[in-house]
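# Reading the structure
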Amino acid sequence: MPQTPEEESLGALVAEASSHISTLVRSEIELAKAELRFDAKRVGTAVAMFAGAAFIGHLCLILLSFAAAYGLAYLIPTPLAFLAVTVVYLLFAGLGVWLGVRKLKGLAGMKRTARSIRDLKEIATPEGADLPEPVNRDAT
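Rules behind the numbers
- Each chain has its residues counted from 1, following the order in which its sequence is written.
- Note on the predicted model: pLDDT of at least 70 is required for a residue's local features to be given, and 80 or more for side-chain atom pairs to be given and counted; whole-chain, interface and lining totals, by contrast, use all residues.
- Side-chain calculation: all heavy atoms of the structure are included, whereas hydrogens and water are not.
- Runs of E in the DSSP output that reach at least two residues are strands. Runs of H or I that reach at least four are helices, and both are numbered from the N terminus.
- Buried residues are those whose accessible area, probed at 1.4 Å on protein chains only, stays under 20% of the maximum for their type, while exposed residues exceed 50% and partly exposed ones sit between those limits.
- To measure how exposed things are, a 1.4 Å probe is used in the Shrake-Rupley method; for residues, cover is taken only from the protein chains shown.
- Here a pair means two rings of Phe, Tyr or Trp (six-membered ring of Trp) with centres within 6.5 Å. Their orientation is stacked below 30 degrees between planes, edge-to-face above 60, and tilted elsewhere.
- Each patch is built from salt-bridge-free residues with over 30% relative accessible area, joining like charges within 9 Å and nonpolar side chains (Val, Leu, Ile, Met, Phe, Trp, Tyr) within 5 Å.
- Here, a salt bridge means any Lys or Arg side-chain nitrogen found within 4 Å of an Asp or Glu carboxyl oxygen.
- Confidence scores per residue from the predictor, reported as pLDDT, run from 0 to 100.

So, on to the overall build of the protein chain. Secondary structure assignment for the protein chain yields three helices and zero strands. Shown N-terminal to C-terminal, the secondary structure of the protein chain runs as helices and strands in the order α-α-α. Relative to its full complement of 140 residues, the protein chain shows a buried share of 3%. With the model as given, the accessible surface of the protein chain reaches about 12,800 Å², and the carbon-plus-sulfur share is 70%.

Next up, the structure:
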C-alpha cells in the first residue's frame, strides 16, 4: 500500500530523530571520555603533589626530632635526650597500634550474610533431604 506524503515525512522525521539521538549519545560519550581524561590528569598531578608534600613533611618531622633532642640535651645528657625523644615516638606508635587493634576487634564480620545464607539453605532444602555439610577450610 503506498504511503501518503504525511506518512513519509513522519517516517523520515522518526528516522532523522533516531539518527540525531544516536549522534547525540555518541557525542556525550566522547565528552565524558574527554572530561575523564582531563580529570584523571588533574588527579594524578594532585596525588604527586600530596606525595611530595608528605615526603617533605616526613623530613621536617625528622629534623624536628633532632631539634627536640638537641634542645633537651641542654637539660640532660645528649644520649638520654635522644632516647627520650625515641621513647615518646614509641609511645605514640604503641598508642596507634592499640587503637588500630581495638578498631579491628570491633569488626562484626559477615554475620548477617552467613545467617541469611543459612536461612536460604533451610528454605531451599526439601524436608528430609540431607545435604552435605560445607567443608571448613580454615580448620587445619
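Looking now at the packing of aromatic side chains. Under the criterion given, the structure shown has two aromatic pairs. A centroid spacing of 5.7 Å and a plane angle of 70 degrees characterise the contact between Phe66 and Phe82, whose relative ring orientation is edge-to-face. One end of the pair, Phe66, is in helix α1 (residues 5-72); the other, Phe82, is in helix α2 (residues 78-105), and 16 residues separate them in sequence. We classify Phe66 as partly exposed; its relative accessible area is 42%.

As a further point, take a nonpolar patch on the surface. A surface patch of nonpolar side chains, amounting to about 800 Å² of accessible area, comprises Leu61, Leu64, Val88, Tyr89, Phe92, Leu95, Trp98 and Leu99. If you list the elements that add at least two residues to the nonpolar patch, you get α1 and α2. A per-element tally of the nonpolar patch places α2 first, with six residues. Among the secondary structure elements, Trp98 is positioned in helix α2.

This brings us to the confidence of the model for the protein chain. Of the residues in the protein chain, 80% reach a pLDDT of 70 or more, and the chain-wide mean stands at 80. Of all the helices and strands in the protein chain, helix α3 (residues 111-124) carries the lowest mean pLDDT, 72, while α2 carries the highest, 90.

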